[in-house]
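Observations on the model geometry
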Amino acid sequence: MVFSLCAAGFSRLHGRVPATDDEAMMRRALEAARRGWGDTHPNPMVGALIVEDGRVVADGYHARAGEPHAEIAALRNLGRPPAPGATLFVTLEPCSTHGRTPPCTEAIVGACVRRVVAGATDPNPRHAGRGFAQLRAAGVTVETGVLAEECADLNFIFNHWIATGRPLFAGKIATTLDGRVATRAGESRWITGATARREAMRWRRLFPALAAGAGTVRADDPRLTSRLGGREWCPMRLIFDRTLRTAVGPLPRVYSDAFRARSIVVTGPAPVRSRRVRLEKQGVQLWTLPARPGPKWFAALAEKCAAAGLTGVLIEGGPTLLSAFLATRSLDYLFAYRAPKFFADAAALPALTGRPRPRLADAYTLTDVRQLALGDDQLLRGRVVYPAKK
């Protein structure tokens, strides 16, 4: 239950937690939020703490869509009314509208919490700031923007979905210092080390869908699953194969393993019928899109993903597929792993290709950049910014 009666002594609230302590508590709220890693789609990950006299007395997180929000979970986990002077820390602005669950602002006011410290603002323009305004109107002291960038970064998939109404298409590359993903003979295992590969598995666990091209599926026979701590988790798997050439010969594991019903082949309008039937008998799904990749093709793909509830897709290969996304300005985000090695060979396979770009002003760039050292390797990730159209 969420308590709706204010504790005695409510009006004698005094003192406040120093700002440095606010940041420390928000980091703990972020840790709580990450317990929902990969499970909350299409909702965001949110963590909340209840702090009394500088001590965390309860925490909560949003576990999955339809279940209690983080603030409600924290209040329930406390099991009693918050003490006078308690502070609620939450990584995202409390919701202020009725959805699957009642507004969290009502529960906070009903529990007589008199101070709320929040991280990110609701990314929905229709709701941004509304929760804060409701709390302040009820006499709650609200402080915002504590570790706002970290809190927003936690939900970059959700934020893109809310802002654009379309899934976030993210690419992953693992390159040498000179930007190559394989030798001229096609050898690529492994460019990065074990630490970087484990980190890649963590990101696989976050995305609701993983994707690869037909060439990658035929050459590498990837599992397209996340394997962490001895457990295997399978998101939806998109295989881009216009002619269904991956259905010829021995079937790759994405069509024959225990997760094959989670595989979706994105194909053209006229594939060989026997190949289609073979995949359908395996329980594999097929999506039919226009014949050739182009703006209409990518728009149709985005609509299919949105209808299936896939708010984000992590594209793991190969360079031809990623370059096609880039060429139509459909690549929204990039994970770029880099190893301290190089080939110095012009014939080695580059990560991305496209039209000549003779000027620095024509370069693609990343924004909201995050960097992480992974042993000797590095991860640089961020949103793709396209050069101005001429």
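Everything in this summary refers to the structure shown in the same document.

Parameters at a glance
Residues numbered from 1 in each chain as written. Predicted model: local features only at pLDDT ≥ 70, side-chain atom pairs only at ≥ 80, totals over all residues. Heavy atoms only, no water. Helix = DSSP H or I, 4+ residues; strand = E, 2+ residues; numbered from the N terminus. Rg over C-alpha atoms; globule rule 2.2 N^0.38 Å. Areas by Shrake-Rupley, 256 points an atom, 1.4 Å probe, with all protein chains shown as cover. Salt bridge = Lys/Arg side-chain N within 4 Å of Asp/Glu carboxyl O. Buried < 20%, exposed > 50% of the residue type's maximum accessible area, 1.4 Å probe, protein only. Core = buried A, V, L, I, M, F, W, Y, C linked by side-chain atoms within 4.5 Å. Patch = residues over 30% accessible without salt bridge, like charges linked within 9 Å, V, L, I, M, F, W, Y side chains within 5 Å. Lys, Arg positive; Asp, Glu negative; His and termini not counted. Charge placed at Lys NZ, Arg CZ, Asp CG, Glu CD. Disulfide = S-S within 2.5 Å. Phe/Tyr/Trp six-rings, centres within 6.5 Å; stacked < 30°, edge-to-face > 60°.

So, about the overall build of the protein. Looking only at helices and strands, one finds eleven helices and 18 strands in the protein. In terms of overall dimensions, the protein is globule-like: its C-alpha atoms have a radius of gyration of 24 Å, near the 21 Å expected for 390 residues. Overall, the protein is about 75 × 45 × 45 Å in size when its C-alpha atoms are taken along their principal axes. Looking at the protein as shown, the accessible area adds up to about 18,800 Å², and 52% of this sits on carbon and sulfur atoms.

Overall, the coordinates contain 18 salt bridges when judged by the stated rule. Salt-bridge contacts for Arg80 lead to Glu52; the nearest nitrogen and oxygen are separated by 2.9 Å. You can see Arg80 sitting in the loop between helix H2 (70–78) and strand E3 (87–92) and its partner Glu52 sitting in strand E1 (residues 47–52), a full 28 residues away along the chain. The partly exposed category is assigned to Arg80, whose relative accessible area is 33%.

In terms of nonpolar packing, the biggest core is built from 70 residues, with Phe156, Phe207 and Phe335 touching the most fellow members. Counting residues in hydrophobic clusters, the runner-up holds 31 residues, among them Ala209, Ile264, Leu321 and Phe325.

Where like charges cluster on the molecular surface, the positive patch consists of Arg329, Arg355, Arg357 and Lys389. Looking at the element boundaries, Arg355 is found in the loop between strand E16 (349–350) and strand E17 (365–374).

Turning our eyes to something else, we now look at the state of the cysteines. Using the criterion set out here, one finds zero disulfides in the structure. The thiol of Cys151 is not disulfide-bonded; the next cysteine sulfur, from Cys104, is found 15 Å away. As a non-bridged cysteine, Cys305 has Cys234 as the owner of its nearest cysteine sulfur, 15 Å distant. Assessed through its relative accessible area of 0%, Cys305 is described here as buried.

Before going further, it helps to examine the packing of aromatic side chains. Both the distance between ring centres and the angle between the ring planes are used here to describe each pair of aromatic rings. Using the criterion set out here, one finds 14 aromatic pairs in the structure. With 5.4 Å between their ring centres and 55° between their planes, Trp37 and Trp203 make a pair best called tilted. Here Trp37, found in the loop between helix H1 (19–33) and E1, pairs with Trp203, found in helix H7 (residues 194–206); they are 166 residues apart in sequence, far enough to count as distant. Here Trp37 and Trp203 have matching classes, each one buried.

Worth remembering: the numbers are spatial, not functional.
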